[in-house]
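# Report on the structure
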Amino acid sequence: MSLLAASSTVFSKLSHQSPLRRTSASNCSRSPPPHGRVVVARASSVPAADGVELEGELELPRWAGETSLSRFIGALISFKPLFSVMKLGARQLLIGNAEKANIPWREMTNEILNSDVYKEMESVQNPSLVYPDYYLNPFHAYDEGNLSWLAAAEAEAATMSIAKLAVPDAPTVDEANKIVRGNWLKAIEDHLKQYSGNSEINDILDIGCSIGVSTRYLAEMFPSANVTGLDLSPYFLSVAQYKEKKKAPRIKPIRWIHANGECTGLPSKSFDLVSLAYVLHECPQRAIIGLVNEVFRLLRPGGTIAVTDNSPKSKVLQELSPAKFTLLKSTEPFLDEYYLLDLEKAMRDAGFVSVRTIMTSPRHRTVTATVPHR
């Protein structure tokens, strides 16, 4: 970490470069479909102290993309001895922030690791699944990425910590989570009311469901729907299924599927709502585009895609300190690709219409869009 401190002058100079414009990775040149405009708004319940705007002045942070600052951070991360220190620092920071917020990180982790969760693996794992190359990279300070029991055991505490980090003024973690998740669900509800033509939500797919936190929220919002959680990690799915078994039985039990979200193998036009919650920032651009196209195939006419994730225009993220954004990038290898992709355009290129972007927390946006009635 001393190298980071010694580089503070360089960070300061580089961080005052001119703003960077967003570019699109898509080669599609066709015009967007009718009514494909992007609407940017803010959910009414997102807290903003003293009227401070949630969006910064730039299209994305100066520390992302192809700026000199970004390249400098990349050079630091590529130096393996320093990278190892950064990973440790990022992990200690996350756990420390969680425990300061009264999240019992270690207790929650040990409860899972010392349970019978391992028995769930056999029933959820697809042994013939071939993992995409990007998924085998180290990220989130885990050498195995999401393919480990430790990552799966710590996922819930990490999720709670991220919610509190997004809304630091919330009195409790539960309140922060209600704000972050509530605004996300409200964005979905508002989009459905405005663009779905009052279509019923009978079938829901949650891609990148992790340990099932977002999946359960969707199941509770739409109790009569058939809800499916899909993820690439059998470890996360094992925890999801284990936790679900501990809860009261649902009228419509959640189904868990171990599959690649870019090629699910599920029937076309078989869902009314597909969600991707905090997934895309972990993917290279080619995978993001693949996911968007697969969702378009899976949705019925009038169906809705709902993506919630980091917002490139977040004022909070744009103003992160050099040390913090360096630690962040050290655990998220595809963060630049995510920020450089024009997600709304990728959705329109896939065929979606009524693309709508809303800030649903000081750090996050929710992007919704509709498959045309055809």
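The shown structure was predicted, so the numbers you read here are calculated from the model rather than taken from an experiment. (Residues numbered from 1 in each chain as written. Predicted model: local features only at pLDDT ≥ 70, side-chain atom pairs only at ≥ 80, totals over all residues. Heavy atoms only, no water.)

### Considerations on the overall build of the protein
Counting its regular elements, the protein contains 15 helices and eight strands. Each of the 374 residues in the protein was classed as buried or not, and the buried ones make up 56%. The contacts in the protein between residues at least 6 apart in sequence include a share of 80% that link residues at least 24 apart. As displayed, the protein has an accessible area near 16800 Å², and 53% of this comes from carbon and sulfur atoms. (Helix = DSSP H or I, 4+ residues; strand = E, 2+ residues; numbered from the N terminus. Buried < 20%, exposed > 50% of the residue type's maximum accessible area, 1.4 Å probe, protein only. Contact = heavy atoms within 4.5 Å. Areas by Shrake-Rupley, 256 points an atom, 1.4 Å probe, with all protein chains shown as cover.)

### Considering the packing of aromatic side chains
Throughout the structure, instances matching the rule amount to nine aromatic pairs. With a centroid separation of 4.7 Å and an interplanar angle of 75°, the aromatic rings of Tyr118 and Trp149 are classed as edge-to-face. One end of the pair, Tyr118, is in the loop between helix 5 (105-113) and helix 6 (121-124); the other, Trp149, is in helix 7 (residues 149-166), with 31 residues separating them in the sequence. According to the relative accessible area criterion, Tyr118 is partly exposed, its value standing at 36%. Here the aromatic rings of Phe296 and Phe352 are separated by 5.1 Å at their centres, their planes lie at 85°, and the arrangement is edge-to-face. With Phe296 in helix 11 (residues 285-298) and Phe352 in the loop between helix 15 (343-350) and strand 7 (353-359), the pair connects residues that are 56 residues apart, well separated along the chain. Across this residue pair, the class does not change: Phe296 and Phe352 are buried. Connected via pairs of aromatic rings, a cluster forms that spans Trp63, Phe325, Tyr338 and Tyr339. The ring of Trp184 has Arg181 sitting right over it, with the charged end atom 5.8 Å from the ring centre. (Phe/Tyr/Trp six-rings, centres within 6.5 Å; stacked < 30°, edge-to-face > 60°. Lys NZ or Arg CZ within 6 Å of the ring centre and 35° of its normal.)

### What about the environment of Arg216?
Tracing the backbone through its elements, the reader meets Arg216 in helix 9 (residues 213-221). Among the residues examined, Arg216 registers a relative accessible area of 8% and is labelled buried. Between the alpha carbons of Arg216 and Gly229 there is a distance of 9.0 Å; along the sequence they are 13 residues apart. Ignoring anything within four residues of it in the chain, the contact list for Arg216 reads Ile211, Ala240, Lys243, Glu244, Lys247, Arg250, Ile254 and Trp256.

### As for the nonpolar core
Nonpolar side chains tend to gather and get buried jointly when the protein is soluble and globular. Grouped together as the largest cluster of nonpolar side chains are 56 residues, with contacts concentrated most on Trp63, Leu276, Ile305, Met347 and Phe352. Here this core gets seven residues from one element, more than from any other, and that element is helix 11. The residues contacting Trp63, other than those within four sequence positions of it, are Leu69, Ser70, Ile73, Leu317, Gln318, Leu320, Phe325, Leu328, Lys329, Leu335, Asp336 and Tyr339. One finds Leu192, Cys209, Phe222 and Ile254 within the second-largest nonpolar core, a separate group that totals 19 residues. (Core = buried A, V, L, I, M, F, W, Y, C linked by side-chain atoms within 4.5 Å.)

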